[in-house]
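Results of the structural survey
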Amino acid sequence: MRWVCHLKQTGLCGPKWTSLVYGMAAVRAMSVEGTGVRLSRIVEFLTSFAPLSLAESWDNVGLLVEPASPVLVKKVLLTIDLTEDVMKEAVDSKTNLIIAYHPPIFQPFKRITSGKWKERLLATCLENKMAVYSPHTTWDAVTGGLSDWLASPFEFEGVEPLVPSLGVLTRPEFSHHVTVFCPLELRDRCQEVISRSHAEVVSTAELKTMVKFSLEAKKQFLLELESGLNETNCYYSIYERGPIPPRGCGTGRFGKLKSQITLSEAVEKVKALVGMSQIRIALQRGNVTDSPVRSVALVAGSGASVLRGVRADLYVTGEMLHHDILEANHSGASVILINHSDSERGYLSQFAPRLADHFGDGIGVSVATSDRDPIVIV
């Protein structure tokens, strides 16, 4: 089955920001080297499937690492987390492009040395001319993406996102999204630049040594904004915002089942999907494993903030905090926990054939065999 999203996204990057992307045996067998495809063509395909405009404002998605000199992509490696084990696998297999679901670059780096593992990853990518692309919350939101895969074991009357994508162009005059990382001591100067450039702050997050601003900007003031940010030595990224996403895009999924099932049956369906023999379940107060399930809410990864207050018989997610589980159990929902990345990893084996089919003999695509959740049940 092929899902198509008729949206395209153009990526722009500021000069101060180096715009640093379990499988089954059949998927791994596709790891033969292809004849080569330009990186820009693969990025265009990735962003047309899941436009960057679908990403959460706090996220860091898209092309994160790009070699200084053009390289034909012959081998692509898909992974949830870019760890040092996965990096070794990428180097050994002569990978040209890593699609890492979780962004390996989230907070700005002040240096790239061999002292810390994430810095070593970047150094290795640059040394080996490997590009890195991260889709993260764009795959969560897009129709036919990770959230729909997680919901696929259940037969719903209909499925809707828990938090629909509102469309990044809620006001057409704001044409671009800008993410700015500003040193704490330069916060006031950065805010002056933002105000002078007629940009609007969507959200602010204070990190250890930096402040992160998510902005909406107008095209006619972009050069003024970039010039001001360059003067303040801020790190920033800019991308053009896409049109309003189609119905069905958004975070998480919710649906009422065509016919009720038991909690035990729901557990077996989830186990089969993620390929795990054991998962965790927290029963709603007064429930047993044979209690009926008529509605399900699902969020890949860490779902507590999205699931909070949702009225459903069953929550399915990767992880939740202890007190969030208690709140759900006392508010009418049982909870299935799969582990954070185990709730996401199986989708890679669904996406790999889509990517390979699109480019034919141009590229070889494989799913990292060394990628795994750090938590195991023993």
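Burial runs high along helix α2 (residues 39-49): eight of the eleven residues are buried. Among the residues of α2, those classed as buried are L39, I42, V43, F45, L46, T47, S48 and F49.

With mixed pairing, the six strands of this open sheet are ordered in space as β8-β15-β17-β18-β19-β16. Strands with a single pairing partner mark the edges of an open sheet, and in this sheet they are β8 (156-160) and β16 (280-282). Ignoring which end each strand starts from, the neighbouring axes of this sheet average 25° apart. Of the pairings in the sheet, the one linking β16 to strand β19 (residues 334-337) comprises three bridges and is antiparallel in character. Bridge pairing links I281 to I336 in β19. Together, β15 (253-262), β16, β17 (292-302), β18 (314-319) and β19 form the strand contacts of helix α9 (residues 263-274), whose direction differs from that of β15 by roughly 120°. Sitting on the sheet, helix α11 (residues 322-329) is in contact with β16, β18 and β19, with an inclination near 145° to β19.

Ordered in space as β3-β7-β6-β5-β20, the five strands form an open sheet in which the pairing is mixed. Each end of this open sheet is capped by a strand with a single partner; those strands are β3 (62-65) and β20 (364-367). Pairs of neighbouring strands in the sheet enclose a mean axial angle of 25°, with direction left out of account. α2 contacts β3, β6 (97-100) and β7 (131-134) of the sheet and is inclined by roughly 5° relative to β7.

Turning to the nonpolar core, a few remarks are in order. Nonpolar side chains in soluble globular proteins generally cluster together in the buried interior. Ranked by internal contacts, the top residues of the largest apolar core, which has 60 residues, are L78 and L355. Those residues within four positions of L78 in sequence are excluded, and the remaining contacts are I99, L348, F351, A352, L355, V365, S366, V367 and A368. Membership of the second largest hydrophobic core comes to 18 residues, among which are C190, L222, C234 and Y236.

Before going further, it helps to examine the pattern of salt bridges. Counted according to the given criterion, the structure contains seven salt bridges. For E84, the salt bridge identified is with R120, shortest N-O distance 2.9 Å. In this pair, E84 sits in helix α3 (residues 84-92) while R120 sits in helix α4 (residues 117-127), placing the two residues 36 residues apart along the sequence. Since its relative accessible area comes to 27%, R120 is described here as partly exposed. A salt bridge links R345 to D371, with the nearest nitrogen and oxygen atoms 2.9 Å apart. Residue R345 is located in the loop between β19 and α12 (348-359), and its partner D371 is located in the segment after β20; the two are separated by 26 residues in the primary sequence. The two residues R345 and D371 agree in class, both being buried.

Moving on, we come to the state of the cysteines. According to the stated counting rule, one finds zero disulfides in the structure shown. C182 takes part in no disulfide bond, and the closest cysteine sulfur to it belongs to C234, at a distance of 3.7 Å. Of the residues examined, C182 reaches a relative accessible area of 0% and is grouped as buried. Since its relative accessible area comes to 1%, C234 is described here as buried.

Calculation rules
Residues numbered from 1 in each chain as written. Predicted model: local features only at pLDDT ≥ 70, side-chain atom pairs only at ≥ 80, totals over all residues. Heavy atoms only, no water. Buried < 20%, exposed > 50% of the residue type's maximum accessible area, 1.4 Å probe, protein only. Helix = DSSP H or I, 4+ residues; strand = E, 2+ residues; numbered from the N terminus. Pairing = 2+ DSSP bridges. Axes fitted to C-alpha atoms, helices over the stretch in contact; angles between N-to-C directions. Contact = heavy atoms within 4.5 Å. Core = buried A, V, L, I, M, F, W, Y, C linked by side-chain atoms within 4.5 Å. Salt bridge = Lys/Arg side-chain N within 4 Å of Asp/Glu carboxyl O. Disulfide = S-S within 2.5 Å.

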